[in-house]
Amino acid sequence: MYLIVLLLPFINAFFLGFCGRLIGTIGSGVLSTICMGSSTLIALLLAYEILVNDAVVHIELYKWVESEILITHVGLLYDTLSVTMLLVISSISTLVHIYSTSYMSDDPHVPRFLCYLSLFTFLMMVLVTSDNYLQLFIGWEGVGVCSYLLVAFWTTRIQANKAAIKAIVVNRVGDVGVILGMILIYKTIGSLDFSALEAGFVKPPILDNGARLDPWAPWAPIGILLLIGCIGKSAQLGLHTWLPDAMEGTDSNGSRAPQHKWTAGVFLMIRSFPLFEKAPLALLIITIFGALTAFFAATVGLVQNDLKKVIAYSTCSQLGYMVLIIGIEGSHNVGLFHLFNHAFFKALLFLSAGAVVHSTNYDEQDMRKMGGLIHSIPFTYTMMLIGSFSIMGLPYLTGFYSKDLILELTYSGRNMGVPYFISEQGHHLESLEGSIGSQGGDKRPWGGAEGSGPAPLAPPLIALWPESEPSRGSAFAFWLGTFAAFLTAFYSIRLVYITFIISPNSSKESLISSHINIVDKRVLTVLSLLCFGAIFFGYLFQDILIGDIEHPIVPPFIKVLPTLAGVFGMSLSLLLYWGFDSIGPLFILPIYSFLGGAWQFNHTINKLIAIPFFNFGHWGTYKTLDRGWLELFGPQGAGYLGTRVSQAISNLQSGVISRYALVLLSFTIIFLSLWG
């Protein structure tokens, strides 16, 4: 059972890849539904065994790498984290497979698409069930390659090809961070197995006064390197630019498939949390990055007019919430809970958006050219509205249970203060600078009397972080996250209002087929199941996924502030768009342009990084080094020198007898003079 749940998507991908044309579109859809549906049922059985019974299953299949410096097994680890991810991956992937058979019914390449999608699902399952970093990295790279294939599925779309190349290039930055982090982990603890993280020697000891011993030097770089991997894979601020382009340049169905890839970075950080516990600096950076990402993506989503781009930036913002709560010590399970909830209401939004785009004759994506669709596709409108309410975190919907808890824990979060230092003998030192000064003077808390000769070297210092001080980073993240919740409500209602409620902005011919796609029972079933998840799963799974994390005691105003922010954002959006055709005139034009250009990140990165590196690569390494010095002193130079020497030698073979006689006579004279 533990192996079959992984093998079924691989078997499906194998048969569709080699026999897809033989079984056709209908056969591919049936085979995919059977395989993926069976995998989901097995995942449900595993969820009952692992989640309900609180069990952990570790299976070692065989030795993979065995050498003097590294021993690694191929194994499977099933715990709360991996089974939760497995349940999300299998269920959402199954629904996307079913949805695709209807959405792409007229496409002749359905078997190839389903093959890519099944292979993506298999590699994502490999990633989340791995028991070591090396095996995880195989799934990590595999989902990157498969997402490239899915984004660039329609190879005739230039924008899709550009988006796919951009995605895989930007993700390489994060991959470098993961590789360096793995190397540093192995150098530090001597193993890449996750079991080593839970063995106990990674857990920092606690002193009687509540302070925590932490030789933080190796752990902070590890945390920062793994965070870089998460920033690349989960589209956090700085390396987020690939995600909106991937959404805009592709079909909604094809872009929905790699959604689990975005959560791979969050999964890596939750899995590595025992390492982050030893690096308070890394936790603080994680919190700040998550809050900034949530705020940044929400501000950009305010002014987007492309339907898929709005949802893409909302995804980026919600990923920021997940990363934010991981930085609050002891609350990483809440990040997993929000990941679980987000998968269902975001899938509902994506697939509903696909139905909207597909319902128009021209596959229009610009919301400004829609309007009035509530009368044509009322079921899709209802699904989109429920998904928007859930992502806003309105009470008693799925998003409410995790989003509000994230902000409450962030508000009450405690972070490590400024560290002070002690020696291994327990002598208190106010700061590292103070300890160095004591070592250079006559104060010798670690032994030695004044005037007794050179001061002995100071023993290794141990940093301590007092746990009683509130975190300024947590307060900053809370207010930024709350404001992002207000912005989320604003742009979510803006999307629904412009797309469905306002007067139609397109001709009747473009909307005449608006209900052709939605009457398909497969689409109705998929959206209905996702709607159920967007309403009830937060309540049903909160106790299982949160674990022993208790709701913090916060002031009543803070308790209701996220909900009030969402209601205020929704009301303000309706008020503004009820009286104005566009929010553009309400903004100062530079601010509107700044947000519309996504804070000019693409322009800045191109100007400061991409173009200089390209010029250096072309004129520096290629023209000057490769085609210049290396060619001059390498193959080209050797060839030129050989040609000139051979030409000089060939000139001696002139065929003139007098020249031959002269050379013979000259060497005869030289010989006689030397030996005479």
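Position labels on residues start from 1 in each chain and follow its written sequence. Given that this is a predicted model, residues contribute local features only at a pLDDT of at least 70 and side-chain atom pairs are listed and counted only at 80 or more, while totals for whole chains, interfaces and linings are drawn from all residues. Hydrogens are left out, water is left out, and the side-chain values use all remaining heavy atoms of the structure.

**Q** How would you sum up the nonpolar core? Please name residues and give values.
**A** The term nonpolar core refers to a set of buried residues drawn from Ala, Val, Leu, Ile, Met, Phe, Trp, Tyr and Cys, joined through side-chain atoms within 4.5 Å. Throughout this description, buried means an accessible area under 20% of the type-specific maximum (1.4 Å probe, protein chains only), exposed means over 50%, and partly exposed covers the range between. Core analysis: the biggest nonpolar cluster contains 184 residues, and Tyr 78, Tyr 133 and Leu 530 have the highest contact counts within it. Put simply, DSSP H or I for four residues or longer makes a helix, DSSP E for two residues or longer makes a strand, and each gets a number counted from the N terminus. With 17 residues, helix α14 (residues 332-359) is the largest single contributor of residues to this core. Throughout, a residue-residue contact means that at least one pair of heavy atoms, one from each residue, lies within 4.5 Å. Contacts of Leu 530, omitting those with residues within four sequence positions, involve Ile 92, Leu 95, Phe 344, Ala 347, Leu 348 and Leu 351. One finds Phe 296, Val 300, Cys 316 and Ala 598 within the second-largest nonpolar core, a separate group that totals 7 residues.

**Q** Quick rundown of the environment of Thr 382? Include the residues and the values.
**A** Residue position: Thr 382 is located in helix α15 (residues 378-392). Residue classification places Thr 382 among the partly exposed positions, given a relative accessible area of 36%. Spatially, the C-alpha atoms of Thr 382 and Val 496 are 9.8 Å apart, while their sequence positions differ by 114 residues.

**Q** Any details on the confidence of the model for the chain? Residues and values, ideally.
**A** Detailed reading of the predicted coordinates is not advisable wherever pLDDT falls low. When pLDDT is averaged along the chain, the result is 82; 83% of the residues meet or exceed 70. A low-confidence stretch, residues 200-216 (pLDDT under 50), is modelled with 51 contacts involving residues beyond four sequence positions or located in other chains. For the stretch residues 514-518, pLDDT sits under 50, and the model shows 17 contacts to residues farther than four places along the chain or on other chains. pLDDT runs from 0 to 100 and stands for how confident the predictor is about each residue.

**Q** I'd love a proper account of the side chain of Ser 314, names of residues and values included.
**A** Within the fold, Ser 314 resides in helix α13 (residues 307-326). Side-chain polar atoms of Ser 314 contact the backbone oxygen of Ile 311, separated by 2.6 Å. Here a polar contact is taken to be a pair of N or O atoms separated by no more than 3.5 Å, where protein atoms must pair a possible hydrogen donor with a possible acceptor and residues adjacent in sequence count only if both atoms sit in side chains. In terms of polar contacts, Ser 314 uses its side chain to reach the side chain of Lys 346, at 3.2 Å. Not counting the four nearest positions on each side in its chain, Ser 314 is found in contact with Lys 346, Ile 391 and Tyr 491.

**Q** Report on the packing of helix α2 (residues 80-103) against helix α20 (residues 521-546), specifying residues and quantitative values.
**A** In contact at an axis separation of 10 Å, α2 and α20 are set at 170° when each is read in the N-to-C sense. By the angle class used here, α2 and α20 are roughly antiparallel. Across the interface between the two elements, Thr 84, Ile 92, Leu 95, Ile 98, Tyr 99, Thr 101 and Ser 102 of α2 pack against Arg 522, Val 523, Val 526, Leu 529, Leu 530 and Leu 545 of α20. Residue polarity is assigned by list, with Asp, Glu, Lys and Arg as charged and Ala, Val, Leu, Ile, Met, Phe, Trp, Tyr, Cys and Pro as nonpolar; anything else, Gly included, falls into the polar class. Taken together, the residues that form the contact of α2 with α20 break down as 9 nonpolar, 3 polar and 1 charged. Axis definition: a line fit to C-alpha positions, over the contact stretch in the case of helices; interaxial angles, taken between N-to-C directions, run 0 to 180 degrees. Roughly parallel here means an angle under 35 degrees, roughly antiparallel means over 145, roughly perpendicular means 65 to 115, and every remaining angle is called oblique.

**Q** Can you break down the packing of helix α4 (residues 133-151) against helix α5 (residues 158-189) residue by residue, with the values?
**A** Interhelical geometry of α4 versus α5 gives an angle of 175° and a closest axis separation of 9 Å. The angle between α4 and α5 places the two elements in the roughly antiparallel class. Within the contact between the two elements, α4 uses Tyr 133, Leu 134, Phe 137, Trp 140, Glu 141, Gly 144, Tyr 148 and Val 151 and α5 uses Ala 160, Ala 163, Ala 164, Ile 165, Ile 168, Arg 172, Asp 175, Val 178, Ile 179, Met 182 and Ile 185. Residue composition of the contact of α4 with α5, grouped by class: 15 nonpolar, 1 polar and 3 charged.

**Q** So, unusual backbone geometry: which residues are in play, and what are the values?
**A** Of note, the phi angle at Asp 54 is positive, near 55°, even though the residue is not glycine. Its location among the elements puts Asp 54 in the loop between α1 (4-52) and β1 (57-66). In this structure, Tyr 396 is a non-glycine residue whose phi angle is positive, near 75°. Looking at the element boundaries, Tyr 396 is found in the loop between α15 and α16 (398-411).

**Q** Summarise the pairing of strand β2 (residues 71-78); cite the residues concerned and give the values.
**A** The buried count for β2 comes to 7 of 8 residues, which makes it a mostly enclosed element. A pair of strands counts as paired when DSSP detects no fewer than two bridges linking them. For β1 and β2, the ladder comprises 8 bridges, and the chain directions are antiparallel. Of the residues in β2, the one forming a bridge with Val 57 is Tyr 78. Following β1, the chain reverses through 4 residues before pairing antiparallel with β2.

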